[in-house]
Amino acid sequence: MDLLKNMNGALKYIEDHLTGEIDFKEVARQAFCSEYHFKRMFSFLAGISLSEYIRRRRLTLAAFDLKDTNVKVIDIAIKYGYNSADSFTRAFQNLHGVTPSEARQTAYSLKAFPPMTFQLSIKGGTEMNYRIVEKEAFRIIGIMKRVPIIFNGVNPEIASMWQSLTMEKINKLKGLSNVEPIGLISASTNFSEGRMEEKGELDHYIGVATTKECPENMAQLEVPASTWAVFEAIGPFPETLQNIWGRIYSEWFPSSNYEQKEGPEILWNESKDTTSPTFKSEIWIPVLKK
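Novice: What is the right way to look at the pattern of salt bridges in this model?
Specialist: A side chain with one charge can pair with a side chain of the opposite charge if their charged atoms come near. Across all of its chains, the model carries 17 salt bridges by this definition. Across the salt bridge formed by K39 and E35, the nearest N and O atoms sit 3.2 Å from each other. Highlighted residues: K39 and E35, both in helix α3 (residues 35–46), separated by four residues, approximately one helical turn. Two residues, K280 and E232, come together in a salt bridge whose shortest N-O distance is 3.9 Å. Of the two residues, K280 is situated in strand β9 (residues 280–289) and E232 in strand β6 (residues 226–234); the sequence distance between them amounts to 48 residues. A cluster of three or more residues bridged by salt bridges with shared partners is formed by E52, R55 and R56.

What follows is the structure, encoded as structure tokens:
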């Protein structure tokens, strides 16, 4: 399968350059996709961010060097991209639980993270309902907050955003809604590194999609004209939604002719009644054709 061959070619390039500078544009070229799409696909398929994977691989190789050679710690630090022995020692200890000097002693065990490869896993086919939508530029208007990334359970920062919305403000927002998806939406963008390890933050919006002007005291996000892949999720909340999110990256993108484009990821819900067995959501992701 070309996708797997391309992704593994990109991983080989990374492996060959762990002791030097990694050109992420070249990584993307090896994978035949954009740098943004490769990093997103990697994090969803691997379960960790690309930067964290590279950090673990470099510190794994550094541990082997410490055990098998008499090279100075500072020289090993520089070899794997650290500017000082102190920064290397901190990173090494965070991963292995011991200092580089202690690692040279046989009494301590170290961690090893082998090179990663992607393989095709064929599962029973389950349909996914999606549509491709071409949209002109629009803006998201509402409230915005920089919030921590949390996968499981309620994100208290986002919950507080919803609680801050009075009926007056909700009705005012709904009056601005004039383009799909109609009604209140949530949108996440500007993800920091470490999304899959539940580290970092993102910009979260609660508002509406519109072409109208932004009122005072409201936040706005300008969204350029784009192609959008829209995925339907109907079923128990939030299990169905989480399942569809995972399948978008593990099944739909690898088998489609699209890659993800940088931009907000939008969630539309038909109802806030999360106890309904037929709770309906739509996930909007900006894409471009390969």
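Once the structure has been displayed, the description carries forward.
Novice: I would appreciate a short explanation of the packing of aromatic side chains in the present structure.
Specialist: The geometry of an aromatic ring pair is captured by the separation of the ring centres together with the interplanar angle, meaning the angle of the planes. Scanning the entire structure with this criterion turns up 13 aromatic pairs. Look at Y130 and W252: their rings are 5.2 Å apart centre to centre, the planes differ by 70°, and that puts the pair in the edge-to-face class. Here the residue Y130 occupies a position in strand β1 (residues 130–135), and W252 occupies one in helix α10 (residues 239–255), the gap between them amounting to 122 residues. The partly exposed category is assigned to Y130, whose relative accessible area is 44%. Centroid distance W252 to F253: 5.2 Å. Interplanar angle 70°. Geometry classified as edge-to-face. Three or more aromatic residues joined by ring pairs make a cluster, and in this case those are F44, Y130, F231, Y249, W252, F253 and Y258. Looking at R40, its charged tip hangs above the ring of F191, at a distance of 4.6 Å from the centre. For the cation-ring pair, K135 lies above F138, with the distance from its terminal atom to the ring centre recorded as 4.6 Å.

Cut-off values and rules
- Residues numbered from 1 in each chain as written.
- Predicted model: local features only at pLDDT ≥ 70, side-chain atom pairs only at ≥ 80, totals over all residues.
- Heavy atoms only, no water.
- Salt bridge = Lys/Arg side-chain N within 4 Å of Asp/Glu carboxyl O.
- Helix = DSSP H or I, 4+ residues; strand = E, 2+ residues; numbered from the N terminus.
- Phe/Tyr/Trp six-rings, centres within 6.5 Å; stacked < 30°, edge-to-face > 60°.
- Buried < 20%, exposed > 50% of the residue type's maximum accessible area, 1.4 Å probe, protein only.
- Lys NZ or Arg CZ within 6 Å of the ring centre and 35° of its normal.

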